[in-house]
Amino acid sequence: MTAFENALVQLERAAKYAKVRPFIIERLRHPNRIVEASLPVAMDSGEERILTAYRVQHNNARGPYKGGIRFHPKVSKDEVQALGLWMAIKCAVANIPLGGGKGGVIVDSKQLSKAELERLSRGFVRAFKDILGPQLDVPAPDVYTTPEIMDWMADEYVKLTGDQKGRATFTGKPLEKGGSEGRGTATAQGGLYVLDAYAKAIGLDPNATITIQGFGNAGRTFAELASQVGYTIIAVSDSSGGLYNPQGLDVSAVESYKDEHRSLGGYPDAQSITNEDLLGCEADILVPAALEGQITGQNQYNVKARVILELANGPTTPEADIELLKRKIDVIPDVLANSGGVTVSYFEWEQNNKGEHWTAGDVDTKLKTMMADAFQTIHDRAKKDSIDMRTAAFAIALERIAEAT
Ligand code: NAD
């Protein structure tokens, strides 16, 4: 099944428990708008290439469309549609006044020079400027897009539209260019707050062991923050493969190695493993933080963790969800676990709109409260209806979207 088909199955499952009229479900099965563009990009060699880009505006009943832009060779219209639907659900779970959208470009951005990347980023804005805006559609970083890319995009948007307040169209900007304190660490920090709330609720050992798939903004920052509060990180991976040390990895040494070599492969103080091996490691907590569709009906038998904390979007398929539930492995769903990122994006948007700057302490206090509240609401609903946390999160989101609709 494709990512969007998986997202639709999740929607249908929750529809049985959400107190909403059937039209709301039907509405959410269809994105409001899908725009596809061909971006001409000049390469440093003088050659010109055409890249395919998408922006999906899924639903804006609760506020402007919100969702990241992904640069990856496997981007597809289907994937962007799935990510847009998940964003609509996530913003409602986080209880922020934003809708859901997503963007993507089919490109192997690792092969581009910085100048080519900048031309591509500015080209994306030229193609989509008419459907973007601070009160219309507000993108952010996602896989292989960065604060610097958001800065180029915001700059291009202001140049093209002349709207001096237009920088609020993009969140995840560098701090000195209108970004928010705490945005860089928000996805991981929010996930850690949710994990803490879960650990308290079920009595999980505070020194529990963790494996993390993906070592980018979400996974790497999570490794850093979780190790600082006492969790033991025993395995991590990136697109080149993984590292395993049952005694615990020295996270800062792994980070320095990754910075120097641009990949984890060859790190000396650990056993090298594949991404598939990582999913099967003996650990209390498994944190997928890379791409969707990683834990499937076929490989879920390998998972030995007590709980899966989904920092990635869509890492567990609906087929795997059913089996994991039977095996009493809890899944803390993406729409809750990684919603810290969009929550602080919302704070950034608010600060830009009001011309304010909140301190790191303000941002952290608000984030912690909102993540803990979101966890509690979902955990209570899951217990009350005897359902898994994903279905509970979707059901709550559907009711909130229905109310706004
Ligand atoms: P990133 O580009 O910073 O990092 C992606 C990481 O995944 C890299 O380490 C890469 O090497 C690794 N990777 C790629 N393919 C892999 C594979 N097949 N196996 C293992 N690792 C692989 O991206 P990110 O922002 O950390 O996003 C990761 C996930 O988190 C995505 O699903 C994204 O949608 C989700 N997410 C990110 C944010 C955010 O604020 N950055 C917010 C919410 C959700």
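Parameters at a glance
- Residues numbered from 1 in each chain as written.
- Predicted model: local features only at pLDDT ≥ 70, side-chain atom pairs only at ≥ 80, totals over all residues.
- Heavy atoms only, no water.
- Helix = DSSP H or I, 4+ residues; strand = E, 2+ residues; numbered from the N terminus.
- Contact = heavy atoms within 4.5 Å.
- Domains from an automatic or database assignment.
- Buried area = accessible area lost by both parts, 1.4 Å probe.
- Salt bridge = Lys/Arg side-chain N within 4 Å of Asp/Glu carboxyl O.
- Polar contact = N/O pair within 3.5 Å; in protein donor to acceptor, adjacent residues only side chain to side chain.
- Buried < 20%, exposed > 50% of the residue type's maximum accessible area, 1.4 Å probe, protein only.
- Pairing = 2+ DSSP bridges.
- Right-handed = clockwise from strand over helix to strand, strands pointing away.
- Axes fitted to C-alpha atoms, helices over the stretch in contact; angles between N-to-C directions.
- Core = buried A, V, L, I, M, F, W, Y, C linked by side-chain atoms within 4.5 Å.
- Expected span 1.5 Å × (residues − 1).

(A) Main features of the environment of leucine 278. Along the chain, leucine 278 turns up in helix H9 (residues 275-279). For the pair leucine 278 and tyrosine 244, spaced 34 residues apart in sequence, the C-alpha separation works out to 7.9 Å. When neighbours within four sequence positions are excluded, leucine 278 is seen to be in contact with Thr211, Ile212, Gln213, Ala235, Val236, Ser237, Ile273 and Leu286.

(B) Looking closely at the domain arrangement of the protein. The domain boundaries assigned to the protein delineate domain 1 (3-10 + 32-177) and domain 2 (186-337). Relative placement of domain 1 and domain 2: their C-alpha centres are 26 Å apart. Domain 1 puts 17 residues into the contact, and the matching count from domain 2 is twelve residues. Interface area, domain 1 with domain 2, both sides summed: about 1100 Å², of which 57% is carbon and sulfur. When the buried area of domain 1 at its contact with domain 2 is split by residue, Asn6, Trp86 and Lys90 rank highest and sum to 37% of it. Our count for the contact surface shared by domain 1 and domain 2 stands at one salt bridge. In this structure, the salt-bridge partner of glutamate 292 is arginine 70, at a minimum N-O distance of 3.1 Å. Joining domain 1 to domain 2, the criterion identifies three residue pairs in polar contact (both at pLDDT 80 or more). Counting only elements with at least two residues in the side of domain 1 that touches domain 2, the list comes to helix H1 (3-15), strand S3 (65-72) and helix H3 (77-93). The biggest single contributor to the side of domain 1 that touches domain 2 is H3, with six residues.

(C) Representation of the pairing of strand S4 (residues 100-106) in the model. Across the seven residues that make up S4, a large majority, six, are buried. Of the strand pairs in this sheet, strand S2 (residues 48-59) and S4 are connected by six bridges, and their pairing is antiparallel. When the sheet's bridge partners are listed, asparagine 59 is paired in S4 with glycine 100. In the classification by handedness, the crossover that spans S3, the intervening H3 and the parallel S4 is right-handed.

(D) Main features of the pattern of salt bridges. Taken as a whole and judged by the stated rule, the model has 30 salt bridges. Arginine 29 is the partner of glutamate 26 in a salt bridge, and the nearest nitrogen-oxygen pair spans 3.9 Å. With relative accessibility at 40%, the residue glutamate 26 sits in the partly exposed group. Put simply, arginine 70 and glutamate 79 hold a salt bridge, and the shortest N to O gap is 3.0 Å.

(E) Looking closely at the sheet that holds strand S11 (residues 307-309). In spatial order, the strands read S9-S8-S7-S6-S10-S11-S12; together these seven strands make up an open sheet with mixed pairing. The two strands at the open ends of the sheet, each matched to only one other strand, are strand S9 (271-273) and strand S12 (330-332). Neighbour-to-neighbour, the strand axes of the sheet open up by a mean angle of 20°, direction not taken into account. Here strand S7 (residues 232-238) runs beside strand S8 (residues 241-244); their pairing, made up of four bridges, is antiparallel. Bridge pairing links serine 237 to glycine 242 in S8. Against the sheet, helix H6 (residues 186-202) touches strand S6 (209-213), strand S10 (285-288), S11 and S12, its axis set at about 155° to S11.

(F) Molecular detail of the nonpolar core. Judged by nonpolar contacts, the single largest core of 88 residues is most densely connected at Ile210, Phe222, Ile285 and Leu309. Here this core spans two domains, since at least three of its residues come from each of domain 1 (3-10 + 32-177) and domain 2 (186-337). Core analysis: the second largest hydrophobic core is formed by 25 residues, Leu112, Ile131, Leu132 and Met150 among them.

(G) How the structure looks around the side chain of serine 180. Locating serine 180 in the fold gives a position in the loop between helix H5 (147-161) and H6. Exposure remark for serine 180: the relative accessible area of 5% places this residue in the buried category. One polar contact links serine 180 to glutamine 351, side chain to side chain, over a distance of 3.0 Å. In this structure, serine 180 is in contact with Leu175, Val344, Glu348, Gln351 and Val363, ignoring residues within four places of it in sequence.

(H) Highlighting helix H12 (residues 339-354). Compared with the 22 Å implied by 1.5 Å per residue over 16 residues, the 23 Å span of H12 between its first and last C-alpha is a close match. Within H12, 13 of the 16 residues are buried, leaving the element largely enclosed by the surrounding structure. Positive backbone phi, approximately 65°, marks glycine 355, located one or two places after H12.

(I) How the structure looks around the sheet that holds strand S1 (residues 33-42). Sheet architecture is open: five strands sit in the order S1-S2-S4-S3-S5, paired in mixed fashion. Two strands bound the open sheet, and with one partner strand each, they are S1 and strand S5 (137-141). The average undirected angle you get between the axes of adjacent strands in this sheet is 25°. When S1 meets S2, the two strands line up antiparallel, connected through ten bridges. Residue pairing across strands places serine 38 opposite threonine 52, the latter belonging to S2.

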